[in-house]
Each structure stands twice: as structure tokens, then as C-alpha cells.
Amino acid sequence: MFKNILLPVDGSERALKAVEVGIALAAKLEAKVFAVHVMPPLSTVSFMSELLQHSACHSEVAKATAQAYLDEVVKRANAVNVPCETEYVFDLRPYAAIVGASAKHQCDLIVMRARGSEGLERVLLGSVPHKVMGCCNTPVLICN
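First things first, this report covers the structure right here in the doc. In this text, all values refer to a predicted model and were calculated from it rather than measured experimentally.

### Focus: the side chain of H37
So, step 1. Within the fold, H37 resides in strand β2 (residues 32-39).
So, step 2. You can call H37 buried: its relative accessible area is 8%.
So, step 3. A polar contact is formed between the side chain of H37 and the backbone oxygen of V9, at a distance of 2.8 Å.
So, step 4. Ignoring any residue separated from it by four or fewer positions in sequence, one finds H37 in contact with V9, D10, A66, Y69, L70, E87, Y88 and V89.

Structure representation (C-alpha cells):
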């Protein structure tokens, strides 16, 4: 049925609960999982500032944090012998990056947490899962 499952992660407990559901489903279906973490790109001013300072900077810290989130998914997948690949991407629109990752890895299911935006932003702009469902033909399993 499902052979490639996408697991968007943001480091939150809710996202890790969705990861657990996705990995358990993959184990039962003998599928593989792809984990993706989306980060906003640095502004031009910040990027130039980092280049001039020649120091460990925001982008390096963000990449290390993203890798830690993804490593947690790999650890959980390895514990139940589910093949897992990971990547982090830079995009101001997390939903677009998630849809793009789904297409890139030919995923036939996306398993993600229930909320992607909070407060007024969610009311005005909608949640990330809602936008993902509206932008792709891949089924989306929403976990609380």
C-alpha cells in the first residue's frame, strides 16, 4: 500500500508523536521513511554579516539543530529496522518544502503533526498541514 512515507519534523513533541506513528506504520507495511526539517533561509543582511565575521554563526547552529532533529528520527527508525533517509531544506514556506520533498522522494503518504502555525498566524494564514493538504495529491495523515 504505502512504500515511501514522509515525516516532516520540527523538534516538537507533537512532531515526534507523528514520527512514531509514521515509523510504526512503515514497520507494519515494510515501507521506508524520509524525514525532512524545514528552516527559513537567512536574510541577505544576516548572510553577509556572517561572511564578514568568519565565525560559527546562526546558519551553522540552525544546521546543527536540524541535524539533531533528523538524527532522532533515524534513531527511532533504526530501533525497529525501518529504512530512513533525512534532509533539511531552507524555505520560507514550510508547506511548499514539505510538498516538494514528498514529490522528490516519491512519497505516497505524509504523516505530520496537527498544527504548524500558532495563534493569530494560524487564523489568518491557515495551518501548515492544511496548506500541505491543499497543495498536493499525496494523502496526509494528521496526528494529534
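### Topic: the pattern of salt bridges
So, step 1. As enumerated under the stated definition, the model contains six salt bridges in all.
So, step 2. Of the charged contacts, one joins K104 and E87 as a salt bridge, the two residues approaching to 2.8 Å between their closest N and O atoms. With K104 in helix α4 (residues 94-104) and E87 in strand β3 (residues 84-90), this residue pair connects regions lying 17 residues apart in the sequence.
So, step 3. For E87, a relative accessible area of 14% gives the class buried.
So, step 4. Here the salt bridges share partners, and the residues they tie into one network are E20, E72, K75 and R76.

### Description of the sheet that holds strand β4 (residues 109-113)
So, step 1. An order of β3-β2-β1-β4-β5 is seen for the five strands of this open sheet, with the pairing classed as parallel. Strand pairing shows two members of the sheet lacking a second neighbour, β3 and β5 (140-143), which therefore form its edges. Between one strand axis and the next, the sheet turns by 20° as a mean value, whatever way the strands run.
So, step 2. Taken together, the two bridges between strand β1 (residues 4-8) and β4 define a ladder with parallel strand orientation. Residue pairing across strands places L6 opposite I110, the latter belonging to β4.

### Quick look at α4
So, step 1. Along α4, the positions that sit buried rather than exposed are A96, A97, I98, V99, A101 and S102.
So, step 2. Those residues of α4 hidden inside the fold are in contact with β1, β2, β3, β4 and α6 (128-135).
So, step 3. Immediately beyond the C-terminal end of α4, within one or two residues, lies Q106, with a positive phi of roughly 50°.

### Structural notes on helix α1 (residues 13-29)
So, step 1. Over its 17 residues, α1 runs 24 Å from end to end, which matches the ideal 24 Å to within 8%, given 1.5 Å per residue.
So, step 2. Those residues of α1 that fall on the buried side of the exposure criterion are A15, L16, A18, V19, G22, I23 and A26. All buried residues of α1 project into a common sector of 155° when viewed along the axis, lining one side. For α1, exposure combined with an orientation more than 90 degrees from the buried face picks out E13, K17 and K28.
So, step 3. Of the residues flanking the end of α1, it is E30, one or two places downstream, whose phi is positive at about 55°.

Rules and cut-offs
- Per-chain numbering applies: the sequence of each chain, read as written, is numbered from 1 onward.
- Residue-level local features of this predicted model are given only where pLDDT is at least 70; pairs of side-chain atoms are given and counted only at 80 or more, and the full residue set underlies all totals for whole chains, interfaces and linings.
- Side-chain measures were taken over the full set of non-hydrogen atoms in the model, leaving aside hydrogen atoms and water.
- Secondary structure elements are taken from DSSP: a helix is a run of H or I of four residues or more, a strand is a run of E of two residues or more, and numbering for both begins at the N terminus.
- Classification of residues uses two cut-offs on accessible area relative to the type maximum, computed with a 1.4 Å probe and protein chains only: under 20% is buried, over 50% is exposed, and between them is partly exposed.
- Under this definition, polar contacts are N or O atom pairs within 3.5 Å; protein pairs additionally need one hydrogen-donor-capable and one acceptor-capable atom, and for neighbouring residues in sequence, both atoms have to be side-chain atoms.
- Two residues qualify as a contact provided that any one of their heavy atoms is within 4.5 Å of a heavy atom in the partner residue.
- Definition used for salt bridges: Asp or Glu carboxyl oxygen within 4 Å of a side-chain nitrogen of Lys or Arg.
- Two strands form a pair only when DSSP identifies at least two bridges running between them.
- The axes used here are C-alpha line fits, helices contributing only the stretch in contact, and every angle between their N-to-C directions lies in the interval 0 to 180 degrees.
- Given the number of residues in a helix, its expected span is that number minus one, multiplied by 1.5 Å.
- Think of the arc as the fan of directions from the helix axis to the C-beta atoms.

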